[in-house]
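This is what each chain is made of:
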Amino acid sequence: MTGRPATVGAGEIGTFHVPSGGTIEVINTLGGQVVDAWFFAADDPAEFASMSHSRASIRTIRPAVGSTFVTRRREPLVTLVADSSPGIHDMTMPPCDRWRYRQLGAPGHRNCADNLRSALGAEGHAAMEVLPDPLNLFQNSPVDAEGRITFLESPAPAGSSVTLRAHRDLVAYLSVCPMDIMPINGGAPRSIGVAVLDPDEAG
């Protein structure tokens, strides 16, 4: 899809094909919503944006405009080119999963890990037991001077967005995090908007 924003519902996942040179905009429509974002090369699902390799490449855990996310082969896959949010994103946390919710006393809760597995299956890819860590857009998980991590409500205001440009044809999977126990989504997951632009539209 291109152009007009699509909606991905609270707790759901959207799959978006982005051509090389095109962009994908992720819109925090109602504010305060974390989005687990994965980017896979369209022609090689074994190549995906690796957060560990990207941290080494950009030498930070806080991505900003200009940050390029690379694959395990250290090839550029997607670059953050615009950000109207406060710029608070996370590159350290794995996706929420069934075991995390079991620990939190909510077995069977919808989760981002199973969302991705379902979306990959729908695209015809073999099941992945070990999933890549996502780029957690709008997630506020600061690390203090002693290295402790806390989980705070996302500060992203309604209507704020990030835009990423593809370096090659890719498939983006965007899971609208369903977490409603910890405070990262303000206690109530909300829908997001997504717009894909072809290279000639993206400029």
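Right above here is the structure, for reference.
Quick look at the structure, then. (Residues numbered from 1 in each chain as written. Predicted model: local features only at pLDDT ≥ 70, side-chain atom pairs only at ≥ 80, totals over all residues. Heavy atoms only, no water.)

Together, I61, V143 and I149 make up a nonpolar patch on the protein surface, roughly 210 Å² of accessible area in all. Considering the arrangement of structural elements, one finds V143 in the loop between β8 (135–137) and β9 (160–166). (Patch = residues over 30% accessible without salt bridge, like charges linked within 9 Å, V, L, I, M, F, W, Y side chains within 5 Å. Areas by Shrake-Rupley, 256 points an atom, 1.4 Å probe, with all protein chains shown as cover. Salt bridge = Lys/Arg side-chain N within 4 Å of Asp/Glu carboxyl O. Helix = DSSP H or I, 4+ residues; strand = E, 2+ residues; numbered from the N terminus.)

Before going further, it helps to examine the pairing of strand β3 (residues 23–28). A large share of β3 lies buried, amounting to 5 of its 6 residues. Sheet analysis places β3 next to β9, joined by 6 bridges and oriented antiparallel. Counted as the bridge partner of I24 is L164 from β9. The pairing of β3 with strand β11 (residues 192–197) spans 5 bridges and is classified as antiparallel. Looking across to β11, one finds that I24 is bridged to V196. (Buried < 20%, exposed > 50% of the residue type's maximum accessible area, 1.4 Å probe, protein only. Pairing = 2+ DSSP bridges.)

On to unusual backbone geometry, then. A positive phi angle, near 60 degrees, is found at R59, a position not held by glycine. The residue R59 is located in the loop between α1 (51–58) and β6 (68–70) in this model. Overall, the relative accessible area of 77% leaves R59 in the exposed class. The phi dihedral of F138 falls on the positive side, at around 70 degrees, and the residue is not glycine. With respect to the secondary-structure elements, F138 resides in the loop between β8 and β9.

What follows covers the side chain of H89. Inspection of the secondary structure puts H89 in the loop between β7 (76–83) and α2 (98–103). Here the side chain of H89 touches D83 through a polar contact of 2.8 Å, side chain to side chain. When residues no more than four places from it in sequence are discounted, the contact partners of H89 are I61, R62, P63, D83, N136, L137, F138, Q139 and V162. (Polar contact = N/O pair within 3.5 Å; in protein donor to acceptor, adjacent residues only side chain to side chain. Contact = heavy atoms within 4.5 Å.)

Linking two cysteines covalently through their sulfur atoms gives a disulfide. For the coordinates displayed, the defined rule picks out 0 disulfides. Cysteine C96 shares no disulfide, and the gap to the nearest cysteine sulfur, in C112, comes to 3.7 Å. Overall, the relative accessible area of 10% leaves C96 in the buried class. With a relative accessible area of 0%, C112 lands in the buried category. (Disulfide = S-S within 2.5 Å.)

This part is about helix α3 (residues 112–122). Along α3, the positions that sit buried rather than exposed are C112, A113, N115, L116, A119 and L120. Within α3, the buried residues cover an arc of 160 degrees as seen down the axis, which keeps them to one side. Away from its buried face by more than 90 degrees, α3 exposes S118 and A122. For α3, the secondary structure elements touched by its buried residues are β2 (13–18), β4 (35–41) and β10 (170–176). The distance from a side-chain oxygen at the start of α3 to the backbone nitrogen of A113 is 3.3 Å, and the residue carrying that oxygen is N111. One or two positions beyond α3, positive phi appears at G124, with a value near 90 degrees. (Arc of directions from axis to C-beta.)

To continue, consider the nonpolar core. Grouped together as the largest cluster of nonpolar side chains are 30 residues, with contacts concentrated most on I24, F39, F69, L135 and L164. For this core, the secondary-structure elements that each account for two or more residues are β2, β3, β4, β7, β8, β9, β10 and β11. Membership of the second largest hydrophobic core comes to 19 residues, among which are F48, C112, A119 and L120. (Core = buried A, V, L, I, M, F, W, Y, C linked by side-chain atoms within 4.5 Å.)

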